[in-house]
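Listed below are the residues making up each chain.
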Amino acid sequence: MAIRDIITLPDPRLRLESTPVGKIDEALRALMDDMLQTMYDAPGIGLAAIQVAVAKRVVVVDVAREEEEPNPIRLINPEIVWTSEETSTHEEGCLSIPEFYGDVERPARCRVAYLDDTGERREMDCEGLLATVVQHEVDHTNGVLFIDHLSKLKRDRIVKKFSKAKKRESAA
Ligand SMILES: [Zn+2]
């Protein structure tokens with residue numbers, strides 16, 4: 001297992017639509033192990049493959065609290081197949097948009113269909129924090145970031161801030 005580099009705003013790859021996984025093999029399982037290690041190291045509670053520059057529809061999630069046993073969830077080709085009408089608002093952050101947080105309103109509950117790491121098709125009902133994280137990560141597989149759910153004003157401000165920082169970095 002290895003910790004991989006997480007790409008950050010304004011890296012254009014974050015806007016890619018990831019491609020579905022065809023074959024679940026050792027390389028894919030190794031990728032998911034790396035993603036989990038990278039996520040725990042960050043630390044974070046969800047990570048999509050595109051955040052480590054792999055444009056595949058793969059997501060890992062673990063919303064276990066610190067005092068609980070780790071509960072890693074690996075989602076291959078995840079798809080939100082149902083959302084509740086009821087919404088809830090959580091403060092979200094993103095490992096690809098470091099140190100920025102914003103309130104995002106999303107469906108309070110959702111159902112995600114996916115393949116597990118043996119290739120079996122499964123569905124999972126999500127609520128609370130898990131529902132938020134799963135929707136956030138599935139957004140990543142479609143090139144969507146949580147800042148897209150904020151007002152245009154807020155989004156433009158944060159994109160500008162990260163673009164400026166990037167310029168300073170490359171000038172240095
Ligand atoms: Zn994210």
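Here goes a summary of the coordinates provided. (Residues numbered from 1 in each chain as written. Predicted model: local features only at pLDDT ≥ 70, side-chain atom pairs only at ≥ 80, totals over all residues. Heavy atoms only, no water.)

**A word on the overall build of the chain**
Scanning the chain from N- to C-terminus turns up three helices and seven strands. Listing each helix as α and each strand as β along the chain from the N terminus yields α-β-β-β-β-β-β-β-α-α. Taking 172 residues into account, the globule formula puts the C-alpha radius of gyration at 16 Å, and the chain, at 16 Å, falls close to it. Counting only residues that meet the buried cut, the chain has 41% of its 172 residues in that class. When contacts within the chain are restricted to residue pairs at least 6 apart in sequence, long-range pairs at least 24 apart make up 63% of them. Entry remark: accessible area of the chain is about 9,700 Å², with carbon and sulfur atoms responsible for 48%. (Helix = DSSP H or I, 4+ residues; strand = E, 2+ residues; numbered from the N terminus. Rg over C-alpha atoms; globule rule 2.2 N^0.38 Å. Buried < 20%, exposed > 50% of the residue type's maximum accessible area, 1.4 Å probe, protein only. Contact = heavy atoms within 4.5 Å. Areas by Shrake-Rupley, 256 points an atom, 1.4 Å probe, with all protein chains shown as cover.)

**A closer look at the layout of surface pockets**
Considered as a void within the structure, the largest pocket measures approximately 360 Å³ in volume. Lining the largest pocket are 22 residues; nearest its centre among them are Ile45, Glu92, Gly93, Cys94 and Leu95. Broken down by secondary-structure element, the contributors of at least two residues to the lining of the largest pocket are β4 (87–94), β5 (97–107) and α2 (128–141). Broken down by element, the lining of the largest pocket gets its largest block of residues, six residues, from α2. Its residues assigned to classes, the lining of the largest pocket shows 10 nonpolar, eight polar and four charged. There is about 250 Å³ of room inside the second largest pocket. Along the wall of the second largest pocket there are 13 residues; nearest its centre are Thr8, Leu9, Phe162, Lys166 and Glu169. The element that contributes the greatest number of residues to the lining of the second largest pocket is helix α3 (residues 152–171), accounting for six residues. (1 Å grid on protein atoms, 1.4 Å probe; cavity = no way out; pocket = protein on both sides within 12 Å on 5 of 7 lines; lining within 4 Å. Points joined across faces, edges and corners; volume = space filled by probe spheres on them. Nonpolar A, V, L, I, M, F, W, Y, C, P; charged D, E, K, R; others polar.)

**Comments concerning the side chain of Thr132**
Mapped onto the fold, Thr132 is located in helix α2. Contact partners of Thr132, with chain neighbours within four places excluded, come to His90, Glu92 and Arg106.

Honestly, it's all geometry; don't read function into it.
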